[in-house]
Amino acid sequence: MSELKRIGMGTRFSEAAIFNGVVYLAGMVPENGATDIRGQTADVLAQVDQHLASCGSDKTRILRTQIFLTDIADIDVMNEVWDAWVAPGNAPPRATVQAPLANPAWKIEIVVTAAQG
């Protein structure tokens, strides 16, 4: 039986879990809610890079991404940052929806599932 490994576990949730060679990241939110959607998206994608690396994966191994925006009108700017970040030839399946987030300063939250490398 495969081992379930939790990373960055707190009382309420873990930053990541790994099972059967698949990495499940928690929703990544901006560390600085004072920036605009461009800055918040770049912040969150940098966190995704960091967490995937610590779990033995990277953005070329993403299996699925869910993006939550507080204002869907931000999608064009968010897509500019996203398009510059995605590894060429490795655009993952993705869903983007508008949803209220837990902190009103956050404009974006991203959930990623990836294969380990």
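Look above for the structure.
Since this is a predicted model, take the numbers as computed values, not measurements.

*Asks:* Could you clarify how one ought to interpret the overall build of the protein in this entry?
*Replies:* The number of helices and strands found in the protein is two helices and six strands. The linear arrangement of helices and strands in the protein, starting from the amino end, is β-β-β-α-β-α-β-β. A principal-axis box enclosing the C-alpha atoms of the protein has dimensions of 45 × 40 × 20 Å. Going through the 117 residues of the protein one by one, you find that 38% of them count as buried. Within the protein, residue pairs in contact and separated by at least 24 positions form 68% of the contacts whose partners lie at least 6 positions apart. With an accessible surface of roughly 6,500 Å², the protein has 52% of that area assigned to carbon and sulfur atoms. Seen as two clouds, the 9 positive and the 13 negative side-chain charges of the protein have centres 7 Å apart.

*Asks:* Sorry if this is basic, but what is going on with the nonpolar core here?
*Replies:* Across soluble globular proteins, nonpolar side chains show a tendency to be buried alongside one another. L25, V48, L52, I108 and V112 are the most contacted members of the largest nonpolar core, which has 24 residues in total. Here the element with the most residues in this core is helix 1 (residues 37-54); it accounts for five residues. Not counting residues within four places of it along the chain, the set of residues in contact with L25 comprises E15, A16, V48, H51, L52, V111 and V112.

*Asks:* Help me understand the side chain of E109 in this model?
*Replies:* Within the secondary structure layout, E109 lies in strand 6 (residues 108-115). Buried and without a salt bridge, E109 has R12 as its closest oppositely charged side chain, separated by 12 Å. Once you skip the residues sitting within four places of it in the chain, E109 turns out to touch G27, M28, V29, Q66, I67, F68 and L101.

*Asks:* I'm lost on the environment of L101 in this one. Help?
*Replies:* Note on placement: L101 falls in the loop between strand 5 (94-98) and strand 6. Residue class for L101 comes out buried when judged on its relative accessible area of 16%. Counting along the chain gives 72 residues from L101 to V29, while the straight-line C-alpha distance between them is 9.3 Å. Among all residues touching L101, those that are not within four sequence positions of it are F68, T70, W106, K107, I108 and E109.

*Asks:* Looking at this model, I keep getting lost on the packing of aromatic side chains. Mind explaining?
*Replies:* Each aromatic ring pair is specified by the distance between its two centres and by the angle formed by the two planes. Within the structure shown, the criterion is met by one aromatic pair. Ring plane angle 45 degrees and centroid distance 5.3 Å describe the contact between W82 and W85, whose orientation is recorded as tilted. Of the two residues, W82 and W85 both sit in helix 2 (residues 75-85), three residues apart, roughly one turn of that helix. Classification of W85 by relative accessible area gives buried; the value is 10%. In this structure, R94 packs its charged tip against the face of W82, placed 5.1 Å from the ring centre.

*Asks:* Can you walk me through the pattern of salt bridges in this structure?
*Replies:* Tallied over the entire structure, the rule returns one salt bridge. For E80, the salt bridge identified is with R38, shortest N-O distance 3.0 Å. Separated by 42 residues along the polypeptide, E80 in helix 2 and R38 in helix 1 bring together distant segments of the chain.

*Asks:* Even after reading the chapter, I still don't get the side chain of D74, so can you show me in this structure?
*Replies:* Here D74 is to be found in the loop between strand 4 (62-69) and helix 2. One buried charge, D74, has no salt-bridge partner; the nearest side chain with opposite charge is K107, at 5.6 Å. If we ignore the near neighbours within four places in the chain, the residues touching D74 are I37, L69 and K107.

The rules behind each value
Residues numbered from 1 in each chain as written. Predicted model: local features only at pLDDT ≥ 70, side-chain atom pairs only at ≥ 80, totals over all residues. Heavy atoms only, no water. Helix = DSSP H or I, 4+ residues; strand = E, 2+ residues; numbered from the N terminus. Buried < 20%, exposed > 50% of the residue type's maximum accessible area, 1.4 Å probe, protein only. Contact = heavy atoms within 4.5 Å. Areas by Shrake-Rupley, 256 points an atom, 1.4 Å probe, with all protein chains shown as cover. Lys, Arg positive; Asp, Glu negative; His and termini not counted. Charge placed at Lys NZ, Arg CZ, Asp CG, Glu CD. Core = buried A, V, L, I, M, F, W, Y, C linked by side-chain atoms within 4.5 Å. Salt bridge = Lys/Arg side-chain N within 4 Å of Asp/Glu carboxyl O. Phe/Tyr/Trp six-rings, centres within 6.5 Å; stacked < 30°, edge-to-face > 60°. Lys NZ or Arg CZ within 6 Å of the ring centre and 35° of its normal.

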